[in-house]
Number of protein chains: 2
Amino acid sequence: MPMAKPPLALTLGDPAGIGPDITLAAWQARGAGAVPPFVLVGDPDVLAARALLLGLAVRIEIVADPREAAACFAEALPVLPLAVARAVVPGRPDEANAGAVQQSIERAVALVQGDAARAIVTNPVSKAVLYRAGFGFPGHTEFLASLAGTQEAAPVMMLVADELKVVPLTIHIPLKDVAATLTPELILSTLSTTARDLERYFGLARPRLAVTGLNPHAGEEGGLGREEIEIIAPAIAEARRQGLEVSGPHPADTLFHAQARGTYDAAIAMYHDQALIPFKTLAFDHGVNVTLGLPFLRTSPDHGTAFSLAGTGKANPMSLIEALRLADAMATRAGDGH
Amino acid sequence: MPMAKPPLALTLGDPAGIGPDITLAAWQARGAGAVPPFVLVGDPDVLAARALLLGLAVRIEIVADPREAAACFAEALPVLPLAVARAVVPGRPDEANAGAVQQSIERAVALVQGDAARAIVTNPVSKAVLYRAGFGFPGHTEFLASLAGTQEAAPVMMLVADELKVVPLTIHIPLKDVAATLTPELILSTLSTTARDLERYFGLARPRLAVTGLNPHAGEEGGLGREEIEIIAPAIAEARRQGLEVSGPHPADTLFHAQARGTYDAAIAMYHDQALIPFKTLAFDHGVNVTLGLPFLRTSPDHGTAFSLAGTGKANPMSLIEALRLADAMATRAGDGH
């Protein structure tokens, strides 16, 4: 009998949010290999209580080693136990439990670095709750980068669905600060990381990257802004010199209809809404957030904690299920060359 | 026999662009009332030459009065003649013809102001060509507003398709200037004009307007930018006090998927790409540009002159056809109360 593949490591996320709900629902959807084996790094009691509240018959299996997860996955939801500090009330976040949220991420990273997990899938956290508890990172991604150790380049966020792959070059900054944040170096490093990881994890030998402009009509040759001429086009030219297949800067408004999407493998957008508007317009409930440029694989659903839906039975698990499937497919692809 | 309704007045646009091509194609699609009667204000020789080049058998009828247009429309494409200065080469714009382009617009406005036309539909112009010829307005819309005489409020551009109606609050300015251009007065006047004209022309008694935020996640309560708190929310509050049904500021990325679009009649976006990205993602080839806030009706296709397609047979007339249909429907709706 072949040795079972290691599972995916699924983090706890904020236990007062919909993380437990969608974890239970994802496991229930596992039939016929539809969801790859995962192990939750979290509190089995939280999960059991949420299952009871939702009226779900889910057998929970506490495992000591993630390698037990694959064997039991058909029969039970495997949990690597990590207790929360205080009893969880769905919808009521409690900073007393921020430590467990953080430890779950740390343990998941240790698992994937020790080859005991194939990839990390993260349940949503609340930044506000973590900040109040003294969390010292802007978000999930920066914390993961820190745990991963030194990095050649910053991690890159890519949103993935069948309809579109898109990378926002800048993310959580005010719109008025976007122009001043763009540099040729940032664009070039993002193009390099994206191209390399599209090859490594998606099997695209020479990925076609399409870069948006910043301004209306990509600046109309300088008439509506000069960032295309001074920052974006030079970065594209340099990326081409380095052998990447990059087009643009393209007017962003005509880059996301069906015919245009057929001309590239991933779009690189200049700011949050320029990437997220087309992505969520096309793939509202099944998009996946992938972090590229880390030494391990990480995906997550592209939604938040949705505290108001926790424990109600209304949380949609589709984005988490897609995040688990994509992490599995990417890990398989990356492992093909081993 | 009832008096025939006045036709729509269709302007020439840049004669070296696809205007003549799509005008011919729109007329050919007229069967069974699919395209409402229009009269082209332009050069019949340009139209005849383009028809010859494209191999189209189109009878052109020179009319002296637009009221003849409806009677002949089934048999011939009616043209109110206005000669260009120099022979037109498709794909090669010539500023010698900018005068005719401008006069066509002036005559169309005179027709609609004299009730000889029901509405104006404009073919695409090249701003660069008009500027070189000394045209003194930023664009079509400002020229129309000037011809219309004094205005209470600035005209409002609305993009219309079955999938979405959306208004960009600011349009052709660099992205870095958007934040400084937003004022509560601009937002309030745009909301008022949009609500009034949605009622007048679309029969929506109490239109639901959804306003986007400027920043990612609509600013996350000030953490990612303060324009939502300082500018947008106060304008929304004032609009509500004035009796309008307005929601927001909403995170822009989750406002354009199918379920969200069901919650409003029109979205008000803060800048060009925030409006145009979802619109062209959803309705790339059949969107219509409507100018609200003028004392007459004007629609246009939402694309440009496409010089490289002129005379090739590859120009898609769908957006012009939709612009003609929508102008007709809006004029009919506005006339219901007469």
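Residues numbered from 1 in each chain as written. Chains lettered and ligands numbered in written order. Predicted model: local features only at pLDDT ≥ 70, side-chain atom pairs only at ≥ 80, totals over all residues. Heavy atoms only, no water.

A. How the structure looks around the overall build of chain A. Along chain A, the regular secondary structure elements total twelve helices and twelve strands. Taken against the 2.2 N^0.38 rule, which gives 20 Å for 338 residues, the C-alpha radius of gyration of chain A at 20 Å falls within 12% of a compact globule. Reported as C-alpha extents along the three principal axes, the dimensions of chain A are approximately 60 × 45 × 35 Å. Counting across all 338 residues of chain A, residues that qualify as buried make up 55%. Long-range contacts, defined as pairs at least 24 residues apart, comprise 74% of the intrachain contacts of chain A with a sequence gap of at least 6. A total of about 13300 Å² of accessible surface is found on chain A, and carbon and sulfur atoms cover 53% of it. Put simply, chain A has 26 plus and 35 minus side-chain charges, and the middle of one group is 3 Å from the middle of the other. (Helix = DSSP H or I, 4+ residues; strand = E, 2+ residues; numbered from the N terminus. Rg over C-alpha atoms; globule rule 2.2 N^0.38 Å. Buried < 20%, exposed > 50% of the residue type's maximum accessible area, 1.4 Å probe, protein only. Contact = heavy atoms within 4.5 Å. Areas by Shrake-Rupley, 256 points an atom, 1.4 Å probe, with all protein chains shown as cover. Lys, Arg positive; Asp, Glu negative; His and termini not counted. Charge placed at Lys NZ, Arg CZ, Asp CG, Glu CD.)

B. A look at the side chain of T122 of chain A. Residues and elements named next belong to chain A. Tracing the backbone through its elements, the reader meets T122 in the loop between β5 (120–121) and α5 (127–132). Using a relative accessible area of 0% as the deciding quantity, one classes T122 as buried. Of the polar contacts made by the side chain of T122, one reaches the side chain of R298; its length is 3.0 Å. The residues contacting T122, other than those within four sequence positions of it, are T11, H140, R298, T299, S300 and P301. (Polar contact = N/O pair within 3.5 Å; in protein donor to acceptor, adjacent residues only side chain to side chain.)

C. Up close: the interface of chain A and chain B. Residue-level contacts link 30 residues of chain A with 30 residues of chain B. Between chain A and chain B, roughly 2800 Å² of surface is buried when both sides are summed, and carbon and sulfur atoms account for 68% of that area. Broken down residue by residue, the surface that chain A buries against chain B is led by L175, D253 and I277 of chain A, which jointly contribute 23%. Run the count over chain A and chain B and you get zero salt bridges. Our count for the contact surface shared by chain A and chain B stands at six residue pairs in polar contact (both at pLDDT 80 or more). (Buried area = accessible area lost by both parts, 1.4 Å probe. Salt bridge = Lys/Arg side-chain N within 4 Å of Asp/Glu carboxyl O.)

D. Representation of the sheet that holds strand β12 (residues 298–301) of chain B. Residues and elements named next belong to chain B. Taken in spatial order, the twelve strands of this open sheet run β3-β4-β2-β1-β5-β12-β11-β6-β7-β10-β8-β9, and their pairing is mixed. Only two strands of the sheet have a single neighbouring strand rather than two, namely β3 (60–62) and β9 (245–250). Here strand β2 (residues 38–42) runs beside strand β4 (residues 77–81); their pairing, made up of three bridges, is parallel. Residue pairing in the sheet places G42 in a bridge with P81 of β4. Along the sheet face, helix α4 (residues 98–113) touches β1 (8–11), β2, β4 and β5 (120–121) and points at about 170 degrees away from the line of β1. Each of β1, β2, β5, β6 (156–160), β11 (288–292) and β12 is contacted by helix α12 (residues 318–335), which is oriented at about 165 degrees to β12, the strand it contacts most. (Pairing = 2+ DSSP bridges. Axes fitted to C-alpha atoms, helices over the stretch in contact; angles between N-to-C directions.)

E. Structural detail: the pairing of β1 of chain B. All names here are of chain B. Side-chain alternation along β1 places L8 and L10 on one buried face and A9 and T11 on a second face that is also buried. Looking at chain direction, β1 and β2 are connected through four bridges and run parallel. Bridge pairing in β2 links A9 to V39. What joins β1 to β2 is helix α1 (residues 19–28), and the crossover it makes is right-handed. Two strands pair when backbone bridges link them, and β1 and β5 are joined in this way by two bridges, in the parallel orientation. Within β5, the residue paired with A9 across the bridge is I120. (Right-handed = clockwise from strand over helix to strand, strands pointing away.)

F. Molecular detail of the relation of the copies chain A and chain B. Of the transformation superimposing chain A on chain B, the axial component is 0.0 Å and the angular component is 180 degrees, with the fit at an RMSD of 0.0 Å. Here the copies are linked by what is in effect a two-fold axis. With an isologous cut-off of 70% or more, the 100% of interface residues of chain A that recur at the interface of chain B puts this contact in the isologous class. (Least-squares fit on C-alpha atoms with pLDDT ≥ 70 in both.)

G. Layout of the packing of aromatic side chains. Following the criterion strictly, the structure yields nine aromatic pairs over all chains and no others. Between F137 of chain B and F143 of chain B, the aromatic rings sit 5.0 Å apart at their centres with planes inclined by 45 degrees, giving tilted as the arrangement. Among the residues examined, F137 of chain B registers a relative accessible area of 25% and is labelled partly exposed. Among the aromatic residues, those joined into a ring-pair cluster are F135, F137 and F143 of chain A. Of note, R30 of chain A hangs over the ring of W27 of chain A, and the distance from its end group to the ring centre comes to 3.5 Å. (Phe/Tyr/Trp six-rings, centres within 6.5 Å; stacked < 30°, edge-to-face > 60°. Lys NZ or Arg CZ within 6 Å of the ring centre and 35° of its normal.)

H. Up close: the sheet that holds strand β1 (residues 8–11) of chain A. Residue and element names in this part refer to chain A. Here twelve strands make up an open sheet; going across it, the order is β3-β4-β2-β1-β5-β12-β11-β6-β7-β10-β8-β9 and the pairing mixed. The sheet is open, and its two edges are formed by β3 (60–62) and β9 (245–250), each paired on a single side. This element, helix α12 (residues 318–335), spans β1, β2 (38–42), β5, β6 (156–160), β11 (288–292) and β12 (298–301) of the sheet and lies at about 165 degrees to β12.

I. Just the domain arrangement of chain A, in detail. Residue and element names in this part refer to chain A. Domain assignment breaks chain A into domain 1 (1–150 + 297–338) and domain 2 (153–293). One C-alpha centre belongs to domain 1, the other to domain 2, and the line joining them spans 29 Å. The partner domain 2 presents 18 residues to the 18 residues of domain 1 that form the contact. A combined buried area of about 1500 Å² lies between domain 1 and domain 2, and 60% of that area is made up of carbon and sulfur atoms. (Domains from an automatic or database assignment.)

J. Seen up close, the environment of V160 of chain A. Looking at the secondary structure, you find V160 of chain A in strand β6. Distance from V160 of chain A to N97 of chain A, taken between C-alpha atoms, is 30 Å for residues 63 residues apart in sequence.

K. Highlighting the pattern of salt bridges. Under the counting rule described, the total for this entry stands at 26 salt bridges over all chains. Between R208 of chain B and D265 of chain B there is a salt bridge, with its nearest N and O atoms 3.2 Å apart. On the criterion of sequence distance, the pair formed by R208 of chain B in strand β8 (residues 208–212) and D265 of chain B in the loop between α10 (258–261) and β10 (266–269) is long-range, its members being 57 residues apart. Overall, the relative accessible area of 30% leaves R208 of chain B in the partly exposed class. Among the ionic contacts, a cluster of salt bridges with common partners joins R196, D197 and R200 of chain A.

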